[in-house]
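Coordinate inspection notes
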Amino acid sequence: MVLEQQGVGHGASGRNGGFCEATLTHGLANGLRHFPAEIEELERLGKENFRGLVAFVAEHAIACDLEQTALLEVATTVAQAAELQEDLAVRRQRGEAVTWLDRDQVQDHLRSPILHGGLRTTGGSALVDPARLARGLSRVATEWGAEIFEQTPVERIIGGGSRIELPTPAGTVRARRVVLATNAYSGRLLRRLRRHFVPVYDYVLVSEPLTPAQRERVGWARREGVADRGNHFHYFRLTADDRILWGGYDAVYHYGGRVGPAFDHRPETYRRLERQFRTMFPQLQDLRFSHRWGGPIASTTRFTCAFGSAFGGRLVYALGYTGLGVVATRFAARVLGDRLLDPASPVLRLQFVRRSPVPFPPEPLRTAALALVQGAMTRADRRGRRGVLLSTLDRLGIGFDS
Ligand SMILES: Cc1cc2nc3c(=O)[nH]c(=O)nc-3n(C[C@H](O)[C@H](O)[C@H](O)COP(=O)(O)OP(=O)(O)OC[C@H]3O[C@@H](n4cnc5c(N)ncnc54)[C@H](O)[C@@H]3O)c2cc1C
């Protein structure tokens, strides 16, 4: 039985950029930093999980415009180009199919006057329409016997008795086992989870479909998903009907970790994103944006999800996929399923699953710390070097990201 406060895909799963990445660790470099002893296994599990999602979509004819495209990470400054080249060596060593594109070569993939180069990686990425994916998954779950109750908010979790009680406006559900999959919304239902993550709002613009002439001006024949290498970064892609989705940069935290519809739109961020888009693609001054929205991302200090349990193991949770949850949630579902049904499963022995991330400090320190880190990120993007605060956090293996 699934209890959903609004409709399927109401949360980040229906609003994201649709980048599907095989990594479970928010990239190889971050995985090496946090789980060096397990990185090979995590990379293998990530690829298996990614292939599993692609196969599942095909097998169940989920119409979600899944396109297996390469990932293009681009540099808009000399410093970003140097960082990408550092990555290149590590990723090649680990067997990734990654190619460096210099200033001229990158233009063959994507035309923009501000690009200094890029890394193109094939084999572990795809693009989807995320809302259609969420609806398709719910259709298959229903065919398999799941009952999905929409417009049914869980008001609180009561765990004292033999069953966990979940009161909703339509009545109380009593369950022997519960999976809490409320990600950025989790702090409301289980206060203790607040220390594990910060909900930050991320926003996107979607353009009108490009005309053939506009498509010609931008190139992009191979339809890669693209992200720049800034600390405040943009991600952008073509949709199946040739619109451009352009998102990222701001990651907006609200005091106390508040989430809700009041934060779903932010005109100031939309204006900034549009300005930045026009700098990236000055040849598309005539392109208009027809859709704009935002949603909450749950970020942990290590940028990978946190697993745990409550009420003597009868409730399990996973949250905090940071900006890469479309595919990682599938792996998390496997972990949570194993915790409840197959406690001997080897994936449960991974440090990745067992170790909690370093907690965020409580308020008001949390807001102050995030403001400090975001300020340092803005300065680092301007100056082209990380600065003392970010370098220290890097060494400690903690941070903040969308
Ligand atoms: C703008 C944006 C862009 C992103 N881009 C990407 C991307 O390109 N690639 C990528 O991999 N990831 C991306 N992400 C992150 C990704 O979307 C998330 O990590 C992932 O969708 C999390 O899935 P989830 O099921 O854990 O959480 P959600 O999809 O947020 O689902 C949680 C659900 O719980 C429900 N809920 C909450 N409280 C209650 C309650 N009390 N009772 C009942 N139901 C409740 C909510 O309504 C919601 O539907 C992006 C996120 C955002 C916001």
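Residues numbered from 1 in each chain as written. Predicted model: local features only at pLDDT ≥ 70, side-chain atom pairs only at ≥ 80, totals over all residues. Heavy atoms only, no water.

**Describing the site of the ligand**
Cut-off, in case you're wondering: Near is defined per residue: the residue qualifies when any heavy atom it owns lies within 4 Å of the molecule or strand. For this analysis, a polar contact is any N or O atom pair within 3.5 Å, provided that within protein one partner can donate a hydrogen and the other can accept it, and provided that sequence-adjacent residues contribute only side-chain to side-chain pairs. To qualify as a helix, a DSSP run of H or I must reach at least 4 residues; to qualify as a strand, a run of E must reach at least 2; elements of each kind are numbered from the N terminus. The residue classification treats Ala, Val, Leu, Ile, Met, Phe, Trp, Tyr, Cys and Pro as nonpolar and Asp, Glu, Lys and Arg as charged. All others, Gly included, are polar.
In the region of the ligand, 32 residues are neighbours, and Glu4, Ser13, Phe19, Val154 and Val326 sit closest. Note that an oxygen atom of the ligand is positioned 3.2 Å from one of the side-chain N or O atoms of Asn16. At a separation of 2.9 Å, a nitrogen atom of the ligand approaches a polar backbone atom of Val154. Among the elements that line the shell around the ligand, the one with the most residues is strand 16 (residues 289-299), at three residues. Taken together, the residues of the shell around the ligand sort by class into 14 nonpolar, 15 polar and three charged.

**Some remarks on helix 2 (residues 39-59)**
Put simply, the rule is: By definition here, a helix of n residues has an expected span of 1.5 Å times n minus one. When a residue's accessible area, from a 1.4 Å probe over protein chains only, is under 20% of the maximum for its type it is buried; when over 50% it is exposed; and in between it is partly exposed. Here a residue-residue contact requires only that any non-hydrogen atoms of the pair lie within 4.5 Å.
An ideal rise of 1.5 Å per residue puts 30 Å on 21 residues; helix 2 measures up with 30 Å between its terminal C-alpha atoms. If you check which residues of helix 2 are buried, you get Ile39, Leu42, Glu43, Leu45, Gly46, Asn49, Phe50, Gly52, Leu53, Val54, Phe56 and Val57. Contacts made by the buried residues of helix 2 are with strand 2 (19-21), helix 1 (28-34), strand 6 (125-127), helix 5 (130-143), helix 9 (328-341) and helix 10 (351-354). A positive backbone phi angle near 50° is found at Ala61, which sits one or two residues after helix 2.

**Section: the pairing of strand 3 (residues 71-75)**
Heads up, the condition is: Each pair of strands is called paired provided DSSP finds at least two bridges between the two strands.
Along strand 3, five of the five residues are buried, which leaves the element largely enclosed by surrounding structure. Judged by which residues are buried, strand 3 turns out to be covered on both faces: Leu71, Glu73 and Ala75 on one side and Leu72 and Val74 on the other are all buried. Alignment of strand 3 against strand 12 (residues 225-228), held across four bridges, turns out to be parallel. Residue Glu73 lies in a different strand from strand 12, and its bridge partner there is Ala227.

**Looking at the packing of aromatic side chains**
The description of an aromatic ring pair rests on the distance of the ring centres and on the angle between the ring planes. Under the convention used in this document: Put simply, two rings from Phe, Tyr or Trp (the six-membered ring, in Trp's case) pair if the centres are within 6.5 Å, and we call them stacked under 30 degrees between planes, edge-to-face over 60, tilted for the rest. Only when the NZ of Lys or the CZ of Arg is both within 6 Å of the ring centre and within 35 degrees of the ring normal is a charge said to sit over the ring.
Within this structure, the stated rule accounts for 16 aromatic pairs. Here the aromatic rings of Trp246 and Phe281 are separated by 6.4 Å at their centres, their planes lie at 65°, and the arrangement is edge-to-face. Taken together, the residues Trp246 in strand 14 (residues 244-248) and Phe281 in the loop between helix 8 (267-280) and strand 16 connect sequence positions 35 residues apart. With respect to burial, Trp246 and Phe281 carry one shared label: buried. One aromatic cluster is present, built from ring pairs that chain together Trp220, Phe236, Trp246, Phe277, Phe281 and Phe289. Seen from the ring of Phe311, Arg192 lies directly overhead, with NZ or CZ sitting 5.6 Å from the centre.

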